Structure formats: structure tokens, C-alpha cells
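Each chain, written out:
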Amino acid sequence: MKTRLKIAIQKSGRLSESSLKLLKECGIEFDNGLNKLKAEAFNFPLEVFFLRDDDIPQYVEDGVADIGIVGENVVLEKNKKTKTVNRLGFGKCRLSIAIPKEQKYNSLKDFEGKRFATSYPTILADYLLKNKISAEIQEISGSVEIAPGIGLADAICDLVSSGSTLFTNGLKETDVILRSEALLISNNSITKEKQSILNKLLFRINAVRSAKNNKYILLNAPNNKLETICKILPGMKSPTILPLAEKGWSSVHSVVEEDQFWEIIEKLKTNGAQGILVVPIEKMIL
Ligand code: ATP
Ligand code: ZN
């Protein structure tokens, strides 16, 4: 029987869509019909398990799945023996402490002897211990944000992304404990054969992720400005320069990183670039 790498992803929740999308962008096709527990890819030696995110670290530790996609918050909370292979750049959120918004707050010391409600008792306990605060931790599995309102706790420790849930529940964020994103984790001892499948998958994931962080840029420039413009554009090696039909002008092509993008565009414009086109890159092999 052909060896397949087994990957666990969240069945339904905040990470599901992005996890499926990532596999799709890696060119891996499978049938993920509703209520399916697993699926075999048609064109890559991969078997996909659809699970609750909380169970993924355990399954990966046990080798039921070889790898998994799960939030760093869950990985740290479950504290299982797994390896982090890659950070995936989606599912970004923070694990924060919040208190009723009318309450005054000075420092972590204010929490001495107080009661916390959280679904992340391990991470919170660790954080409080490191900061030498002793407080009571009440573990609850959902709707943590209502705990202060019903008198269950003085503060909460919960996941936040925009902060709107906190706001609608009359809470304010006081401390960020962890900045989390989705991770690709793996079993600590996968076979050589599976490792080589994983390497192929990682190669594709990296190509997809670099493409997302970069844009392809085309512009026209007068020849006497080419030198300055090439200095502004880093490019993968160096920019491509092609002569235009109009005499004295050239077309310049290059790749620009997303986070430097606007700064570079402005410099290009002030240095005489015209007709700037920016195109998304689908895959990028470095
Ligand atoms: P499951 O049914 O699989 O147990 P869940 O309800 O525990 O799902 P989700 O709410 O779907 O989990 O969140 C999954 C992960 O998405 C979180 O563990 C976290 O890593 C990430 N995430 C990103 N933004 C947020 C957010 N605003 N709130 C909660 N989780 C977020
Ligand atoms: Zn969960």
C-alpha cells in the first residue's frame, strides 16, 4: 500500500476555511463533503482528517495523524510532545486578560488574589506564575466573556481578534499574554518516507506563502531615470528592463514585498515612474 502522510485539520471553525484553502493552493485536491471524517487526496500522497481543534495536538503526539494545522494557543495549552514545522500566517489572534471596563487598572499586581475565568488555564497559570501573581483560575469551556457580568470571575483570559466581543460585553483588554497564529505541527518521530512527503508539502506551502507576501510590479520609466529606479526596486535578483516602442523609455519588471509596497510605490512615482501596474503572484519558487 502506498504511504500517505496524514494531516489533521479543524473540521469546522475559524481555521477550517484557511486550512482547506492552503491545501488547495498547494495543488492538493480531495473531496471534503459535509460530515466527512477523512478524505484521501487524489493527486498527492495525503490523507486529511477533520477534527475538533482541541484534539489535534494529542492525535499528532500519538501519531494517529502525522501532522496537523492548529492554533498556537491550543498547542501551548495542550502542551503535547509535537514539533512546530511552520508558522502559517493565518488564524491570527491574541490571548489576553480583560476586566470590566469601568474598573481601574494599574498593573498585573492588581490581580493578586482575584478570580479568573478562562479556557486556557495552563497558559494563564504559567503567565501568572512567571509574574509572581497568585490568583484563582476557574476553567470554563465557552462564553468566557460573560463570566465577570454574572459574578463568576473578576477577570477573564480569552482570545481576542478585533476586540468587538470584549466591547459588547463591557470589558477592556489589559494585558496580552500571547500572540497566536495557525501552526503546522508534526509528530516527533515520523518515518523517512513520510518526512519526504512532508518536505514536498513544505516546499509548496513556502511557495504559496512567499507569493502572498510579494507582488509583481511593472512600470514605465524614462531611460535617464533607470538607474535611480533600479536602486529603489530590490527584485529577486535584479529588475528586468525591456525597451519600449517609444524611444528613450523602458519597461521595468520586479518583485516587491507587501510590507514595503506603498513606500516603494511612492518613491518610484517621485522618481519618474509611470503606468505602474501591480499584479498578484500565484506561486513563487525561490
Ligand atoms: P472546535 O469546535 O474545533 O473545538 P473552537 O470553537 O474551539 O472549535 P474556533 O473558535 O473555531 O475554535 O477557533 C479556532 C482557532 O482559531 C482558535 O484556537 C485560534 O487559534 C483561532 N482564532 C483566530 N481568531 C480568533 C478569535 N477572534 N477568537 C477565537 N479564536 C480565534
Ligand atoms: Zn476547540
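Calculation notes
- Residues numbered from 1 in each chain as written.
- Chains lettered and ligands numbered in written order.
- Predicted model: local features only at pLDDT ≥ 70, side-chain atom pairs only at ≥ 80, totals over all residues.
- Heavy atoms only, no water.
- Domains from an automatic or database assignment.
- Near = heavy atom within 4 Å.
- Polar contact = N/O pair within 3.5 Å; in protein donor to acceptor, adjacent residues only side chain to side chain.
- 1 Å grid on protein atoms, 1.4 Å probe; cavity = no way out; pocket = protein on both sides within 12 Å on 5 of 7 lines; lining within 4 Å.
- Sits in = over half its atoms within 2 Å of the grid points.
- Buried < 20%, exposed > 50% of the residue type's maximum accessible area, 1.4 Å probe, protein only.
- Helix = DSSP H or I, 4+ residues; strand = E, 2+ residues; numbered from the N terminus.
- Arc of directions from axis to C-beta.
- Contact = heavy atoms within 4.5 Å.
- Salt bridge = Lys/Arg side-chain N within 4 Å of Asp/Glu carboxyl O.

Peer 1: Explain the domain arrangement of the protein chain here, please?
Peer 2: It is common to report an interface's size as the accessible area lost on association of the parts. Partitioning the protein chain into domains gives domain 1 (5-89 + 181-211), domain 2 (93-180) and domain 3 (214-280). Using C-alpha coordinates to define each centre, domain 2 is positioned 48 Å away from domain 3.

Peer 1: Just checking my understanding: could you explain the site of ligand 1 for this structure?
Peer 2: Residues in contact with ligand 1 amount to 15 residues; listed here are only the nearest, Arg14, Asp53, Asp54, Asn73 and Ser161. The backbone of Arg14 places a nitrogen or oxygen atom 2.8 Å from an oxygen atom of ligand 1. Within the side chain of Arg52, an N or O atom sits 2.8 Å from an oxygen atom of ligand 1. Among the detected pockets, ligand 1 sits in the largest pocket. Each of two domains, domain 1 (5-89 + 181-211) and domain 2 (93-180), supplies a minimum of three residues to the shell around ligand 1.

Peer 1: Whenever I open this one, helix H4 (residues 121-130) confuses me. Can you help?
Peer 2: Note that an α-helix has 3.6 residues per turn; residues three or four places apart therefore point the same way. Those residues of H4 lying buried are Pro121, Ile123, Leu124, Tyr127 and Leu128. Viewed along the axis of H4, the buried residues span an arc of 165 degrees, placing them on a single side of the element. Among the exposed residues of H4, those pointing more than 90 degrees away from its buried face are Leu129 and Lys130. Tucked inside the fold, the buried residues of H4 contact helix H3 (72-78), strand E6 (93-100), strand E7 (115-118), strand E8 (136-139), strand E9 (155-160) and strand E10 (171-180). In the segment just after H4, Lys132 is the residue with positive phi, at about 55 degrees.

Peer 1: Would you take a moment to explain unusual backbone geometry for this structure?
Peer 2: Glycine aside, negative phi is the norm for most residues, and most peptide bonds take the trans geometry. Phi is positive for Asn79, close to 55 degrees, though the residue is something other than glycine. Relative to the assigned elements, Asn79 resides in the loop between H3 and strand E5 (82-87). At Lys132, a residue that is not glycine, the phi angle is positive and equals roughly 55 degrees.

Peer 1: What exactly am I supposed to notice about the pattern of salt bridges here?
Peer 2: Pairing between side chains becomes possible if they bear opposite charge and their charged atoms approach one another. By the definition in use, this model includes 15 salt bridges. The closest approach of N and O atoms between Asp66 and Lys194, which form a salt bridge, is 3.1 Å. In this pair, Asp66 is assigned in the loop between helix H2 (56-62) and strand E4 (67-71) and Lys194 in helix H6 (residues 192-212), connecting sequence segments 128 residues apart. The residues Asp66 and Lys194 share a single accessibility class, namely buried. Close ionic contact of Glu282 with Lys283 constitutes a salt bridge, the shortest N to O distance being 3.4 Å. With relative accessibility at 63%, the residue Glu282 sits in the exposed group. Residue Lys283 is classed as partly exposed on the basis of its relative accessible area, which comes to 38%. Three or more residues are tied together by salt bridges with common partners; here these are Lys21, Glu25 and Lys212.

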